Amino acid sequence: MSAGTTPGGSGGLARPGRADAGSERRADPPAPDEILGRALAAAPDPELARVALSRVGESPIARDLLAEPATVEVAVRLLGFSTAAADFLVAHPEEARLFGDGRPRGREELLAEAADDVARHGARPGLRRFRRRALLRVAARDLTGSPYDEVVPEISAVGEVCLEVAVREAAREASPGPADPGDPGRAKVDVSLAVIGMGKLGGQELNYASDVDVVFVHNPAGAQAQEGASRWAAAVIALLAQPTEDGVALRLDASLRPEGRAGPLSRSLASTLEYYRRHAATWERQALLKARPVAGDVDLGRRLLDELSEVVYADHLEPSAIEDVRNMKVRIEEYVRARGKEAVEVKRGRGGIRDVEFAVQLLQMVHGRRDPTLRDPNTLRALSMLAGEGYVSVADADTLASSYRFLRTLEHRLQIARDLQTHELPEDGAALTRLARSMGLTDGEELRSSYERHADVVRGLHEQLFYRPLMEAFAGPRAPRRGTERSSTEELLHGLGFADPGAAYERFAGLTDPVTRLGKVIGHMFPVVAPALALSPNPDAALVRLERVAERLREDPETADLLASDPGIARRVSVAVAASSWLSDLLATRPGALAIAGRSAETIAELDPRDALLALGVSYAAGDLPVPELGRALTAAADRVVAGAVGRAGEAPPFAVIGLGKLGAEELSFASDLDVVFVYEGEGPEAFEEAERAAGAVLSEIRAAGYEADADLRPEGRSGPLARSLAAYLEYWERWGQTWEFQSLLKARFVAGNELLGRRFVSAAEDFAYPDILSLERIAEIRRMRVRMEEERVRPVDARRFHFKLGYGGLADIQFAVELSQLRHGRGHPSIRRRHTLEALEALAEARLVEDSVALALGEAYVFLGEIKNALELERRVSAVALPATPEGQAALARALGYEEYPRQRFLEDYRRITRRARGAMERVFYGEDAASG
């Protein structure tokens, strides 16, 4: 088949047909080329289909298989969308027969098919061949209109069959059963192994490219059985997940097992039961909501889950477990917005798949303890049961189910295209149109419109499912309700993470008191307010802070009208009090605080500096200001404070304030000190005394405005005068300047005062900061300085791993790597003379003075660690230099940073990975082959 096949030509699949223009044979079946032309026109991407047919049809086997008209229509639909399908068929042309029989298949038929593939091709290639063929067969049916409810069970069945065959084949490799007579050294171990499907496999709702979460359990207990079962489980994983030239059969993940990766691959039934009953965290019990025996000894698996039902659905949620219960709460909107993915992330975006799944799971956890009918691992079946039992209205459940099917189908289309685990809508217009046509829509614009409509529906119902019952509970008379209604409301509050639901009930009742206008408005805003509190590290404390703010706001007659006119302000205030006691204090004490909180990031510069700090804190809490924009905005506010202080300092000789450190670099965090030095122009004692007075007055004014000002970077430090003339600075640098002082001058920036003098200072500082040649002695001194900083200022040694300012791979590593590169090359490359760390990194990489990999590692760490620092400092506006020491504190930080599932574990994994790469990049700059060159 040639690549030049046209829609009207057969391309070698069939002979072109002919028909006389005026004959009566128009009622005859269409000619093959006409069928092909119509099929190509209907394909998601006709040109992609044409090229794919050409590639696949180069094989005579495939060409014959695709010659049938019915086969062509199905094939073109798939090949016009999935490059993964074309690649598979080019490698295995005989598999084109899959288009001839696309009927649904059950587990037993699939099992026989997989066993046949293994017998013909061997275990590893056979399972991979089976999985690709089976899923492409489903995908072809999916793309030609099969409903979601028919497609997903078969995808899940394919995964189960791969596991079942792998368990049987691995039993031979690992030999956990009777001893091999030919190998008397191998002891007989009579052991049975069950595979428990978790997540989407457990729920029978697997994706085309899902990770497949499993847990292994065996019987009996004992050392020999443990060894045999672990060897067996490892062989299953290797058989399915080990990459080969044909890829993997399943992306298998066993990290949800007890103790995670630190635990044995398989545990005995008794050991597994003991672990979950005595040691399991609440998130582990939550994961068991989706557990289902899928392969191996299924009876053993059922026995395990039957005995664990009392653990999964305990009589009540212990207050001590609420910290982990909150780990379930999906921080989708905040997490994705901060990464610019809110409108394109089908899984975790606003109104995405996780909104539906989490809503259903939390309702199961809250109500399934007393209602066993709700204990179904499948999302749609569980939602149906929730509606049938009255926990969700039938109309809401039907609407939510319809949107869930749309979103999951869209997710499937994204994964069919290249057999990759992806959840983001493409930015490319052609790719978006192709995706839309695969969904039966006209173009990308219609797809985006449909997606936004479904996302809005899901988000609205998600909020209602959690918070509408609460809103209704507090919408009545002032007196708190009694009896079963109050009990169910407190139960829901408990499930949302409030450790003292009785006290929370009373506080919410007070906040929504309909006697006051503000109470009525907050009652209507409940679906906006309650999620922010439930998502906070400490919902009870956040609620107390909100109550305090509301008491202050009741005194302002315009408050209620402002909230009613702009619901976004209610959300911003709620996330602010949930994130920070410092912001709560400002909201409760600052006049006009509500209007300030409603300011967009673009208009904050118009505010008084003190108001700007409140507005910036709220914007950061709301996810509107990521690093480094936050640093620049905080610096702009501080600059105005310094300028105001200089203006109030009174008469002085020509006088300027120079920013160093983070102030100079425009990288302030919420609790940064303002590093400043003072320069004046003039001679004699009178000029000096007046400049000293002005400098002292400026420092006092800055501190009175709520900032910590630090002038210790001046020559001679605290023992030297506050202010020096420019001539005195030049003399000092020339005669006594030290390497660290020249390094600090890299950040020098004029901030306030006499601009001409300030710019002369900065220009002179550059001459000293960027030498003609950076000597080997100075390079060695900088290296020693960095080592000494870590060894002497971070104690004990173990603390260095999580001291994100001065420790391993921390901010100091990034700063020193960038500044050493600037000191070495800045004289000959003026373009790299940037104060801001990220700008300097970009300039260094663009000038090819650091490797791209180094710049990427350092830049990623800069942003990541900056987010950590700001998230910690936002709470009380107190300087933070290290991760919290307790697991609870680390989990709270992880949630604040947007980690949604198993937050502490995944945050720490990212922290270790990112800081390890940053340390490696720093060492590359410090000690690489060209590090000593000038």
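The model shown is predicted, which means the values in this text are computed figures rather than measured ones.

**Focus on the overall build of the chain**
And step 1. Looking only at helices and strands, one finds 42 helices and 10 strands in the chain.
And step 2. For the chain, buried positions account for 56% of its 934 residues.
And step 3. Pairs at least 24 residues apart make up 72% of the contacts formed inside the chain by residues separated by at least 6 positions.
And step 4. Total accessible area on the chain is roughly 38,400 Å²; 50% of this is exposed by carbon and sulfur atoms.

**Brief notes about the environment of Thr71**
And step 1. One can find Thr71 in helix 4 (residues 69-79).
And step 2. The sequence separation of Thr71 and Arg97 amounts to 26 residues, and the corresponding C-alpha distance is 8.6 Å.
And step 3. Among residues more than four places away in sequence, those in contact with Thr71 are Leu65, Leu66, Phe99 and Gly100.

**A look at the pattern of salt bridges**
And step 1. Evaluated as defined, the whole model comprises 70 salt bridges.
And step 2. We note a salt bridge from Arg572 to Asp624, for which the minimum N-O separation is 2.6 Å. Placement of Arg572 in helix 27 (residues 567-579) and of Asp624 in the loop between helix 30 (609-621) and helix 31 (629-648) is noted, with a sequence separation of 52 residues between them.
And step 3. Assessed through its relative accessible area of 32%, Asp624 is described here as partly exposed.
And step 4. Here Glu860 makes a salt bridge to Arg917, at a shortest N to O gap of 3.0 Å. Taken together, the residues span a long stretch of sequence, with Glu860 in helix 40 (residues 852-876) and Arg917 in helix 42 (residues 903-927) at a distance of 57 residues.

**Let's talk about unusual backbone geometry**
And step 1. Across the junction of Asn219 and Pro220, the peptide omega takes the value 5 degrees, indicating a cis bond.
And step 2. Here Pro220 shows up in the loop between strand 2 (211-219) and helix 10 (223-241).
And step 3. Residues Arg795 and Pro796 are joined by a peptide bond in cis, for which omega reads -5 degrees.
And step 4. You can see Pro796 is positioned in the loop between helix 37 (776-793) and helix 38 (811-825).
And step 5. Look at Glu666: it is not a glycine, yet its phi comes out positive at around 60 degrees.
And step 6. Positionally, Glu666 belongs in the loop between helix 32 (661-665) and strand 7 (674-680).

**Observations concerning helix 16 (residues 353-367)**
And step 1. Along its 15 residues, helix 16 runs 22 Å from first to last C-alpha, staying within 8% of the 21 Å computed at 1.5 Å per residue.
And step 2. Most of helix 16 is tucked away, with 15 of its 15 residues classed as buried.

**Some details on the nonpolar core**
Within soluble globular proteins, side chains that are nonpolar tend to cluster in buried spots.
And step 1. Counting residues in hydrophobic clusters, the biggest one holds 165 residues, and the most contacted among them are Phe678, Trp733, Phe761, Ile868 and Phe907.
And step 2. In terms of residue count, the dominant contributor to this core is helix 40 (11 residues).
And step 3. Residues Phe88, Val214, Leu363 and Leu447 belong to the second largest nonpolar core, which totals 108 residues.

**What to know about the side chain of Ser268**
And step 1. Mapped onto the fold, Ser268 is located in strand 4 (residues 266-268).
And step 2. Its relative accessible area of 5% is what places Ser268 among the buried residues.
And step 3. A distance of 3.1 Å separates a polar side-chain atom of Ser268 from the backbone nitrogen of Ser271.
And step 4. Contacts of Ser268, omitting those with residues within four sequence positions, involve Val217, His218, Pro220, Ala221 and Gln226.

**Quick word on the confidence of the model for the chain**
And step 1. Put simply, the chain has an average pLDDT of 86, and 89% of its residues get 70 or more.
And step 2. Averaged over each element, pLDDT in the chain is lowest for helix 14 (residues 322-325) (40) and highest for strand 7 (98).
And step 3. Note on residues 319-332: pLDDT under 50 across the span, and 58 contacts to partners over four residues away in sequence or across chains.
And step 4. Scored below 50 in pLDDT, residues 476-482 shows 13 contacts in the model against residues more than four places distant or in partner chains.

**Points about the environment of Leu730**
And step 1. Within the fold, Leu730 resides in helix 34 (residues 726-736).
And step 2. Along the chain, Leu730 and Ala765 lie 35 residues apart, while their C-alpha atoms are 8.5 Å from each other.
And step 3. Residues contacting Leu730, with those up to four places away along its chain left out, are Ala764 and Phe768.

**What to know about the side chain of Ser584**
And step 1. Examined against the element boundaries, Ser584 turns out to sit in helix 28 (residues 581-589).
And step 2. Ser584 sits in the buried class, given a relative accessible area of 2%.
And step 3. Once residues lying within four places of it in the same chain are set aside, the contact partners of Ser584 are Arg545, Arg548, Val549 and Val577.

**Topic: empty space enclosed by the protein**
And step 1. The full count for this structure, using the stated rule, is 12 cavities of 30 Å³ or more.
And step 2. Within this model, the largest cavity holds a volume of roughly 160 Å³.
And step 3. Along the walls of the largest cavity sit 15 residues, with Glu667, Leu668, Tyr862, Gly866 and Asn870 positioned nearest its centre.
And step 4. Of all the secondary-structure elements, those providing two or more residues to the lining of the largest cavity are helix 31 and helix 40.

**A word on the pairing of strand 2**
And step 1. Within strand 2, 7 of the 9 residues are buried, leaving the element largely enclosed by the surrounding structure.
And step 2. By the bridge criterion, 3 bridges tie strand 2 to strand 4 in an arrangement that is parallel. Paired with His218 across the bridge in strand 4 is Ser268.

**What to know about the packing of aromatic side chains**
And step 1. Under the definition given, this model contains 17 aromatic pairs.
And step 2. Ring geometry for Trp582 versus Phe670: centroids 5.8 Å apart, planes at 65 degrees, classification edge-to-face. Separated by 88 residues along the polypeptide, Trp582 in helix 28 and Phe670 in the loop between helix 32 and strand 7 bring together distant segments of the chain. Judged on exposure class, the residue Trp582 and its partner Phe670 are both buried.
And step 3. For the pair Phe907 and Tyr911, a centre-to-centre distance of 6.2 Å together with 55 degrees between the ring planes defines the contact as tilted. You can see Phe907 and its partner Tyr911 sitting in helix 42, 4 residues apart, about one turn around the helix.

**Quick word on the packing of helix 16 against helix 18 (residues 394-418)**
And step 1. Following both chains from N to C, one finds helix 16 and helix 18 inclined at 135 degrees, their axes separated by 9 Å at the closest point. When the axes of helix 16 and helix 18 are compared, the pair comes out oblique. The handedness of the crossing between helix 16 and helix 18 is left-handed. Across the interface between the two elements, Ile353, Val356 and Glu357 from helix 16 touch Leu400, Tyr404, Leu407, Arg408 and Glu411 from helix 18.

Reading the values: rules and limits
- Residues numbered from 1 in each chain as written.
- Predicted model: local features only at pLDDT ≥ 70, side-chain atom pairs only at ≥ 80, totals over all residues.
- Heavy atoms only, no water.
- Helix = DSSP H or I, 4+ residues; strand = E, 2+ residues; numbered from the N terminus.
- Buried < 20%, exposed > 50% of the residue type's maximum accessible area, 1.4 Å probe, protein only.
- Contact = heavy atoms within 4.5 Å.
- Areas by Shrake-Rupley, 256 points an atom, 1.4 Å probe, with all protein chains shown as cover.
- Salt bridge = Lys/Arg side-chain N within 4 Å of Asp/Glu carboxyl O.
- Expected span 1.5 Å × (residues − 1).
- Core = buried A, V, L, I, M, F, W, Y, C linked by side-chain atoms within 4.5 Å.
- Polar contact = N/O pair within 3.5 Å; in protein donor to acceptor, adjacent residues only side chain to side chain.
- pLDDT = per-residue confidence, 0-100.
- 1 Å grid on protein atoms, 1.4 Å probe; cavity = no way out; pocket = protein on both sides within 12 Å on 5 of 7 lines; lining within 4 Å.
- Points joined across faces, edges and corners; volume = space filled by probe spheres on them.
- Pairing = 2+ DSSP bridges.
- Phe/Tyr/Trp six-rings, centres within 6.5 Å; stacked < 30°, edge-to-face > 60°.
- Axes fitted to C-alpha atoms, helices over the stretch in contact; angles between N-to-C directions.
- Parallel < 35°, antiparallel > 145°, perpendicular 65-115°, else oblique.
- Left-handed = near helix turned anticlockwise from the far one by under 90°.

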